[in-house]
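# Tertiary structure, described
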Amino acid sequence: MKLLTVARRTAWRFASSLPALFGVVIFTFVLMRLLPGDPAVFFASSPSAGKAEIEMIRKQMGLDRSIPEQLVRYLRDIGTGNLGRSMTTGQPVTNDLIRRLPASLELTVTALLIALTLALPAGIFAALRQNSLIDHAIRLLCTLGVCMPTFVSGLLFIFFFYYVLGWAPDPTGRIDIFLSAPPEITGLLLVDSAIAGNGEVFRAALHQLMLPASTMALFVLAPLARMTRASMLAVLTSDFIRTGESIGLSRRRIVLVYALRNALLPVLTITGIVFSTMLGANVLVEKVFSWPGVASYALDALLASDYAPVQGFVLLMASIFVMVNLTIDLLYGLADPRVSIE
Amino acid sequence: MIAANLRHIGYVLRGNRLTALAGICASLLVITALAAPWLVPFDPTASNVPRALQPPNATYWFGTDQLGRDIFSRVLVAARLDLMIAASAVSLSFVVGAMIGGACGYVGGRLDRWVGRFVDVLMAFPLFVLAMALVAALGNKVENIVYATAIINLPFYIRFARAEVNVRRNLGWVEAARASGNSHTRVVLRFLLPNVLPAMAVQISLNLGWAILNAAGLSFIGLGVRPPTPEWGIMVAEGARFITTGKWWLVAFPGLALMSAVLCFNLLGDGLRDILDPRTRT
Amino acid sequence: MNVPLLSVDDLAVEFATRNGRVQALRGVSLAVSPGETLGVVGESGSGKSVTAFATMGLLERAGRITAGRIVFRGENITAAPRSVMQPLRGAAMSMIFQNPRAALNPIRSVGLQIADALRAHRPLSLSAATAAALELLKAVRIRDPEKRLHAYPHELSGGMCQRVMISIALACEPALLIADEPTTGLDVTTQKTVMDIVTKLTRERDMAMILITHDLGLAAQYCDRIAVMEQGQVVETADPSRLFSQPQHGYTRRLVAASPRRGSTVASLVVDATMPAAKMAPPPMRKPGAGPLLDIRNLVKLFPGGVTAVNDVSFRIGAGESLGLVGESGSGKSTISRLVCRLMNQTSGEIIFDGEDIGAIPERDFHRCALRRDIQIVFQDPSDSLNPRFTAFDSIVDPLRRLLGESGATALRARARDIATRVGLPIDLLDRFPHQLSGGQKARVGIARAIAVDPRLLILDEPTAALDVSVQAVVLHLLDRLRRESGLAFLFVSHDLNVVRMMCERLVVLQNGAIVEHGVSQAIFDEPQTDYARELLAAIPHFDPEARA
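None of these values were measured; they are calculated from a predicted model.

On to the interface of chain A and chain B. Tallying the contact residues gives 41 residues for chain A and 35 residues for chain B. Going through the elements one at a time, α1 (2–34), α6 (133–147), α7 (150–164), α11 (251–289), α12 (294–303) and α13 (307–335) of chain A are the ones with two or more residues in the side of chain A that touches chain B.

Now for the interface of chain C and chain B. With 22 residues of chain C at the contact, the number on the chain B side is 18 residues. Counting residues per element, the ones that place at least two in the side of chain C that touches chain B are β16 (375–378), α13 (382–385) and α14 (392–404) of chain C. Looking at side-chain class alone, the side of chain C that touches chain B contains nine nonpolar, five polar and eight charged residues.

Before going further, it helps to spend a moment on helix α15 (residues 409–422) of chain C. Residue and element names in this part refer to chain C. Helix length check: α15 (14 residues) gives 20 Å between terminal C-alpha atoms against 20 Å at 1.5 Å per residue, within 8%. What α15 keeps buried is the set A416, I419 and A420. Seen end-on, α15 carries its buried residues on one side only, within an arc spanning 100 degrees. Projecting away from the buried face of α15 at angles above 90 degrees are the exposed residues T410, A411, A414, D418 and T421. On its buried face, α15 is in contact with α14 and α16 (439–451). Once α15 finishes, G424 follows within two positions and takes phi at roughly 75 degrees, a positive value.

Turning to unusual backbone geometry, a few remarks are in order. The general pattern is negative phi for most residues beyond glycine and trans for most peptide bonds. Residues and elements named next belong to chain C. Even without being glycine, D10 reaches a positive phi, approximately 55 degrees. A tally of 13 C-beta atoms within 10 Å means that D10 is categorised as partly exposed. A positive phi angle, near 55 degrees, is found at D312, a position not held by glycine. Tracing the chain through its elements places D312 in strand β12 (residues 307–317).

A few words on the packing of α6(A) against helix α10 (residues 249–275) of chain B. Interhelical geometry of α6(A) versus α10(B) gives an angle of 120 degrees and a closest axis separation of 8 Å. The angle between α6(A) and α10(B) places the two elements in the oblique class. For the crossing formed where α6(A) meets α10(B), the hand is right-handed. Residue-level inspection shows A:T143, A:V146 and A:C147 of α6(A) in contact with α10(B), the latter providing B:M259, B:V262, B:L263 and B:N266. The residue inventory of the contact of α6(A) with α10(B), partitioned by class, reads five nonpolar, two polar and no charged.

Residues and elements named next belong to chain C. Taking burial as the measure, the six residues of strand β18 (residues 489–494) include six buried ones, the bulk of the element. Residues A489, L491 and V493 point to one face of β18 and F490, F492 and S494 to the other, with burial holding for every one of them. Relative to β18, strand β13 (residues 322–326) runs parallel, the two sharing five bridges. What sits directly across from L323, in β18, is L491. Alignment of strand β17 (residues 457–461) against β18, held across five bridges, turns out to be parallel. The residue of β18 that forms the bridge with L458 is F490. Once the chain exits β17 it traverses helix α17 (residues 469–486) before rejoining the sheet at β18, and the crossover so formed is right-handed.

As a further point, take helix α10 (residues 239–246) of chain A. Among the residues making up α10(A), those that are buried are A:F240, A:T243, A:G244, A:E245 and A:S246. On its buried face, α10(A) sits against α11 of chain A together with α1 (48–56) and β6 (93–96) of chain C. The first or second residue beyond α10(A) is A:G248, which carries a positive phi of 80 degrees.

A few words on the sheet that holds strand β1 (residues 6–17) of chain C. Residues and elements named next belong to chain C. Taken in spatial order, the four strands make up an open sheet running β2-β1-β4-β5, and their pairing is antiparallel. Strands at the two margins of the open sheet, each flanked by one partner only, are β2 (20–32) and β5 (75–76). Judged from the eight bridges that link them, β1 and strand β4 (residues 63–72) form a sheet pairing that is antiparallel. Bridge pairing links V8 to I70 in β4.

The subject of this paragraph is the packing of helix α7 (residues 188–204) of chain C against helix α20 (residues 531–539) of chain C. Residues and elements named next belong to chain C. Orientation of α7 relative to α20, taken along the N-to-C sense of each, is 55 degrees, at an axis distance of 8 Å. When the interaxial angle is binned, α7 and α20 end up oblique. Crossing handedness for the pair α7 and α20: left-handed. Of the residues in α20, those in contact with V188, T189, Q191 and K192 of α7 are E535, L536 and A539. Across the contact of α7 with α20, the residue classes break down as three nonpolar, two polar and two charged.

The biggest cluster of nonpolar side chains holds 347 residues, and the ones touching the most others in it are B:V129, B:A131, B:M132, C:L176 and C:L491. Per-element tally for this core: the top contributor is helix α3 (residues 71–107) of chain B, with 18 residues. Residues in contact with B:V129, not counting those within four places in the same chain, are A:L279, A:G280, A:F313, A:V314 and A:M317.

Further remarks concern the confidence of the model for chain A. Interpretation of the predicted coordinates at a detailed level should be avoided for regions scoring low in pLDDT. Summing up the model confidence of chain A, the mean pLDDT is 83 and the portion of residues at 70 or higher is 90%. Within chain A, the element-level pLDDT minimum falls on helix α2 (residues 39–43) of chain A, averaging 60, and the maximum on α10(A), averaging 94.

So, on to the sheet that holds strand β15 (residues 356–357) of chain C. Two modes of strand pairing occur in sheets, parallel and antiparallel, and in both the strands are linked by backbone hydrogen bonds. Taken in spatial order, the four strands of this open sheet run β12-β11-β14-β15 (chain C), and their pairing is antiparallel. Of all the strands in the sheet, the pair left with one neighbour each is β12 and β15 of chain C.

All right, on to the environment of B:A211 then. All names here are of chain B. Inspection of the secondary structure assignment puts A211 in helix α8 (residues 184–220). When the C-alpha atoms of A211 and G269 are compared, they prove to be 14 Å apart, with 58 residues separating the residues in sequence. Aside from chain neighbours lying at most four places away, what touches A211 is A86, A89, V90 and T149.

A few words now on the environment of C:E505. Residue and element names in this part refer to chain C. Topologically, E505 is positioned in the loop between α18 (497–503) and β19 (506–511). The partly exposed category is assigned to E505, around which 15 C-beta atoms lie within 10 Å. As for E505 and S322, which are separated by 183 residues in sequence, their C-alpha atoms are 5.8 Å apart. E505 has contacts with E321, S322, V520 and S521, leaving out every residue within four places of it along the chain.

A separate point is the pairing of strand β8 (residues 208–213) of chain C. Residue and element names in this part refer to chain C. Of all six residues in β8, six are buried, a share of seventy percent or more. Because side chains alternate across β8, one face comprises the buried residues A208, I210 and I212, and the other comprises M209, L211 and T213, equally buried. As paired elements, strand β7 (residues 176–180) and β8 share five bridges and run parallel to each other. Paired with A179 across the strands is L211, a residue of β8. Crossover β7 to β8 through α7 is right-handed.

Cut-off values and rules
- Residues numbered from 1 in each chain as written.
- Chains lettered and ligands numbered in written order.
- Predicted model: local features only at pLDDT ≥ 70, side-chain atom pairs only at ≥ 80, totals over all residues.
- Contact = placed C-beta atoms within 7 Å.
- Helix = DSSP H or I, 4+ residues; strand = E, 2+ residues; numbered from the N terminus.
- Nonpolar A, V, L, I, M, F, W, Y, C, P; charged D, E, K, R; others polar.
- Expected span 1.5 Å × (residues − 1).
- Buried ≥ 20, exposed ≤ 12 C-beta atoms within 10 Å, placed from the backbone.
- Arc of directions from axis to C-beta.
- Axes fitted to C-alpha atoms, helices over the stretch in contact; angles between N-to-C directions.
- Parallel < 35°, antiparallel > 145°, perpendicular 65-115°, else oblique.
- Left-handed = near helix turned anticlockwise from the far one by under 90°.
- Pairing = 2+ DSSP bridges.
- Right-handed = clockwise from strand over helix to strand, strands pointing away.
- Core = buried A, V, L, I, M, F, W, Y, C linked by C-beta atoms within 7 Å.
- pLDDT = per-residue confidence, 0-100.

Shown next, in the form of structure tokens:
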């Protein structure tokens, strides 16, 4: 019975996220095609392309057709995975994105894991020991943490851990150039090297990953810890905790079973938002650490006036976010019985 | 009534030293930013290559950058640009967002549903991604940074205004205002808005900090502001190359300035949040 | 010699708040014997809940016991540490709370919560505890106990949640049950069922109970003794009949007088009238000739989602007449009051005021109609009904400006002063903000605002429901006087039958959006025609000294 409910809820939520996805696609279309400026020039092979070439591109892109027709072609292209061709790499954008996505994913997911592992216990602890020294220290760190720009912290990290202490490796790329990458299965170096049983590469990849992942984790640590603390405090002062105390439940049961499960619900929601900011922060971190992910790919393309990759990148990021939100919604629905199927 | 309000502000600030301090710092920041061109010891754009890459010393308090320019002067002058970009973006999104959100919260129905969908789509784009797309579409100019930041911020104000208006919509005093002969428009403008404004002021303050970070981040990656204009993000970008050779001051001081500005506005916002309940009046 | 189960001696409790220290209890003394039911009655701020929390050791962080003793079963448990209190809570003493749904864990099934209570003090396996939980649910007479075992709190009604709370509290068979306003917020009929279950179960198990309530009638019906509290102290303790027939303390006397009972009238509510007693004014003015002031015909209101809030309701109010609209939550009475006040559009039906069909004017435009000033409304919750950014003066004067076009600072000041005097609001409070006023003062401002434009029909939506009993008495007094002085007609909406009987000549009983009974108030009271009306009447807590066994 429960499985059926879960399946129905999944299907419903998926269906209700389709409009958002569709909206994303349309919005990107509007952005890239309909705004002032000649898109054909944007997509030409170089900023000083001749009129004939621009004309050819315009025909190729279908810009000489009516807008609705353009929209249909655009949708068809997206649907078949044709995102155009990058000027700078000469490859289809889709291929470039697929090739570089694992790097970004590895970075973001590791950062999220680090952040959650540190932030959740910190927030919970601060709430349980309200107004103690630890609580004040954590609150202070959070207040400061929210103010620190990612790119500055990244650079300062490099300064301390690479230049001063020498613990971190040279901040360029995912792996020492003298080592060869393991056979590519997922593209995630940690996973691939683990599967291949290659300890040396695994360690090297991890070593390289640490600094950029920590930088990104730092960025979201503060809001996560704050939210956890606030949520835990709110739950601890709520009526049903008082009921639990009044019937003589053990402290352990009250904190772990009654308080924590309720407190983590808002944290789950905010993790989705946090993930979104991390996808954006990717741009900064990949730039600082020269990390070969999709964000740096798109950024380089943008600065070289190569717009097809930018469009592809925007679509990709937004879609990932919608999917992540969908997952979080589902998890939340499983965790909180008050959420109806609607 | 204005006298009563001012007296109250004074009373409250005396009881909340930290907020008062944050308020003073924020004001100082703004004043410094505005007066910067007259305060700086050196011309922020004047190159002096023989004196390049000097660590902080008695003459150059923050050291010099790769072209020999005084970093202290540049940091001060950069404040102006960053604050201006942030303030314009926040004002724009606040005004437009509050109007749309307030209307949705009050009227509900189809308007609410469609705006909700639009907001969902907008929020699906991570910040920097959308900024990049907008800059790609509109061109790499400073105004577009302002528009990009404003647009990204918009959903937040729409949702916030909507929620605040919605909560109050069915309260007794709103219905009483209608029974007293006020039209719907008057109810929103004269009754709801003054009640919602304090909460929005808190958000604006917090938002300013975030907008400053954004603007700096965008110029760091090369969008919007270009060298040699002094701007905190640009300065960090230029100094980034030198960090691996141990010349930390090119990055650290603009970074610190950024952090202080944001901290100031965040503390102010947090403090305002604690205060802005009329219930704390005597 | 009855050794008391619980004795509280001279207990003092202090809270640290933003505005300094607040003394919540100033020396409270009371005692409960085994098997006895003690009622603790008081208004808001009297400290009755604080006493309960202090006894259970559940005071919030900001609270501290500064003096006095609490002795339970011979053991001194004043400010005892958790290690001492935890074995007692649930097993020797337990508590049920005011808002039952909020008091239950929203993401844990009801059965599991009862099982948790059982396993906190007994070495039971989960299956054994679940079986015992089922038995407990049966004992509190919940329908479909097997299904409810796996239900979540948000799926249950308020009354069912309270029954679950009761089974949790009684799971380990404590010797003392503290019930903190267990029926506040529940419908009148549900109130009675819950109280009956609680009393039955406590008597069966020979448990002592402390019933904390603001309703003297409720306490009188169910308790062996009553302790009256005012401002952190117990002012009088006696058995109900003595308390009602010979109240000693001034406050008790006021409280007894103010608690509406079967035979009370508005005049009898206030003991020492601070305002001139309601003159038996000449009968209210009536418009010569014309039909009723308000004529409601076949009113229907449907909400999106298929909810029929108002189902073909028709009634009339004559000029200067007072009609009561009685019903429980969901009966549609609030919706009707909004429809009549033209704050909402009806789905169908006619609203005819003084011969004009005002129902035909959409609510969006009604503020421009000349009749807007003739229909005004007083709201239930004074805290919500005043604009937090307006002073009392601003609130009162706004309708004058908008509807009567009056202006000029001096003229408006004078008018505001007149109106304030009429409602008994001290003039110097005019420049205060709502958060600086007490509940009673805010209620007066709300009334002042409503009568400022001299309406002919005043709609009162539960105007005293959120007020303390003594304040309610004074406000009802005021409303009655205003009506007699100016010939106002009332549409009085309430769930409290006693209040409606005192204030209204005729009344209408609503159930699920439809009228089930209507007629002269006293007649319905003496001889209700329908079952529902009978149920409502029976559910009113009443105190009949002779009838107590």
